[in-house]
Amino acid sequence: MNRRDFLKRCAAVGAGGFVLSNQALEVRVGSKHPNILYIMSDDHSTSAIKCYGSILAVVIETPNIDRIRREGMRLNNCFCTNSICTPSRATILTGQYSHVNGVTTLGKTLDRDRQNVAKLLQQAGYQTAVVGKWHLKSEPSGFDYYNVLPGQGKYGVLNTVELKEKGNPWGTKKEYEGYVTDIIADISLQWLRNRDKNKPFFLMCHNKAPHGLWEYNPKYEHLYEGVEFPEPMSLWEDKSHRCEASRDAGRDILQLCSRMEDPTWPTGQLDTTGMDDTQKKKAAYQKYLHDYMRCIASVDENVGRLLDYLDDEGLSNDTVVIYTSDQGMFLGEHDYYDKRWIFEDSLRMPFLVRYSSEIRAGSVNNDIINNADFAPTFLDYAGVSTPSDMQGSSFRTNLAGKTPAGWRRSMYYRYWMGTSEVPVHYGVRTKRYKLIYYYGLPSGWELYDLQNDPLEMNNVYNEPSYTGVVSEMKAELSRLREHLGDTE
Ligand code: CA
């Protein structure tokens, strides 16, 4: 929509602009095919976004990311189906679970000939672009423009960042000066400015941050100075309640501490001279949170730049803006600093969305939504129905405040990439319960009652009072595996 149409529309809806009532939801004031600005960070926990109200909310600031929630909606139960970078990205693009799209682990490549949401949006008349972290090995397909980091990419602190731009043979790298999060926003904005303004756009702006090792922009080196980040209760969890398969597994904070004690640690060595293990764990946790939140400061700043651009161009009401992360992240919960597990902090993706024509400002949604649903939802906004080979479902009407009858009440998860640190497992989560099966050696089951034990510090699988729940959850797990075709 051009500026004149925009002004005309503003006049039509009155001085109150696009503030919505229930009634207004019936009258679509938004454009038929809105732009989609999809901003995704890497390893951004919901706990590290102020508007999610975690224990950290009293000390952290994410004003621009929070603006999307204030003017839009916060999803409280958006989950990843396989909590690790590459598989999650493949699921988001294909609308398929890992066992169907083939990208089950970090080592797998996305087949670029496979159908993906960008190709379908292109066919529907959208201009498509992806900028920043890609991490799917093969050359992006379905994008009119791409400029992506090779592999994990570099932060480029006081140095340069390499990217691979469309138009050159795949693999050709070009150097950019500056800090990676700024560069990704710069390139995204440049593409937006130069786009064909007669077509709607679909831009995937993918940050590297706040993925480890957490190299913040030096201008934020004093941010949160003197702040003591609250520790999650489960940092000190006694894991004797767990089954044998998971009890001693995971990447813990003392392991992170030993990595930070290395003189080459990028944000400066952690000095633990004279500390016992408790003191080391506390010190490493504080350094982790300081570095991580300083990386997020740049993410937030650049989200603000993108939102400002939409405002300045009069595009804010015609653009679905999403802020999310490829999965969650442990910030000391369960004494971990990674992802991979089905536990809440790793499973839950942040998801904030603004689209004033359909989504009420300041609203929340508690439906169970997962990353296979993203592609069908984008297509829905573009007027394209979900292709039969996509396994997710559009949640456009959920976002508009109307959960469809029969919406899913459980979700299936599988972590395929077994390592010596995190065992392979699959499971099912409902609103109240979570059942986990570790299918490697040793195998084992865990059940959590999220209503009574939201921090998942008490496995009740063997408690007699939960026998009935265990049976029901096992039946639901079998049903989901059958339904999704993951019966191997
Ligand atoms: Ca990630």
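Above this text sits the structure in question.
Computed from a prediction, not measured in an experiment: that's the story for all the values here. (Residues numbered from 1 in each chain as written. Predicted model: local features only at pLDDT ≥ 70, side-chain atom pairs only at ≥ 80, totals over all residues. Heavy atoms only, no water.)

Undergrad: Pulling in residues and values, what's your account of the sheet that holds strand 16 (residues 444-449)?
TA: Here we have four strands laid out as an open sheet, ordered 13-14-15-16, and antiparallel in their pairing. Both edges of this open sheet fall to strand 13 (410-415) and strand 16, since each of them pairs with a single strand only. Mean inter-strand twist for the sheet, computed between neighbouring axes without regard to direction, equals 15 degrees. Sheet topology places strand 15 (residues 433-438) next to strand 16; six bridges connect them, and they run antiparallel. Within the sheet, the bridge partner assigned to L435 lies in strand 16 and is L447. Relative to strand 13, helix 14 (residues 467-484) is tilted by about 75 degrees, and along the sheet it contacts strand 13, strand 14 (425-430), strand 15 and strand 16. (Pairing = 2+ DSSP bridges. Helix = DSSP H or I, 4+ residues; strand = E, 2+ residues; numbered from the N terminus. Axes fitted to C-alpha atoms, helices over the stretch in contact; angles between N-to-C directions. Contact = heavy atoms within 4.5 Å.)

Undergrad: Go over the coordination of the calcium ion, please, and point to the residues and values.
TA: Protein coordination of the calcium ion is provided by D42 (OD), D43 (OD), C85 (SG), D326 (OD), D326 (OD) and Q327 (OE1), with donor distances spanning 2.1 to 2.7 Å. One can describe the site at the calcium ion as irregular: its six donor atoms subtend angles covering 52 to 161 degrees at the metal. Mapped onto the sequence, the donors of the calcium ion take the spacing D-D-x41-C-x240-D-Q. Placement of the pair is D42 in the loop between strand 1 (35-41) and helix 3 (63-70) and Q327 in the loop between strand 9 (319-325) and helix 11 (344-347), with a sequence separation of 285 residues. Residue classification places D42 among the buried positions, given a relative accessible area of 0%. (Donors = N, O, S within 2.8 Å, 3.2 Å for Na, K, Ca; no water. Tetrahedral: all angles 85-135°; square planar, octahedral: opposite > 155°, others 65-115°. Buried < 20%, exposed > 50% of the residue type's maximum accessible area, 1.4 Å probe, protein only.)

Undergrad: Lay out the sheet that holds strand 8 (residues 201-206) with the relevant residues and their values.
TA: Spatially, the 10 strands line up as an open sheet ordered 7-6-5-4-8-1-9-10-2-11, and their pairing is mixed. In the strand order of this sheet, the two ends are held by strand 7 (174-177) and strand 11 (363-365), each with one partner. Each strand of the sheet is rotated relative to its neighbour by a mean of 20 degrees, with strand direction disregarded. Bridge count for strand 5 (residues 145-148) against strand 6 (residues 160-165) is two bridges, and the pairing is antiparallel. Opposite N147, over in strand 6, you have E165 as the bridge partner. Docked against the sheet, helix 7 (residues 180-194) engages strand 4 (127-132), strand 5, strand 6, strand 7 and strand 8, running at close to 170 degrees with respect to strand 8.

Undergrad: So what's going on with the pairing of strand 16? Residues and values would help.
TA: In terms of burial, strand 16 is a largely internal element, five of the six residues being buried. Turn length for the strand 15-strand 16 hairpin, with the two strands adjacent in sequence and antiparallel, is five residues.

Undergrad: Which residues make up the pattern of salt bridges, and what are the values?
TA: Evaluation of the coordinates by the stated rule reveals 30 salt bridges. Among the salt bridges present, the one from K339 reaches D43, with a minimum N-O distance of 2.9 Å. Separated by 296 residues along the polypeptide, K339 in the loop between strand 9 and helix 11 and D43 in the loop between strand 1 and helix 3 bring together distant segments of the chain. Owing to a relative accessible area of 5%, K339 belongs among the buried residues under this scheme. (Salt bridge = Lys/Arg side-chain N within 4 Å of Asp/Glu carboxyl O.)

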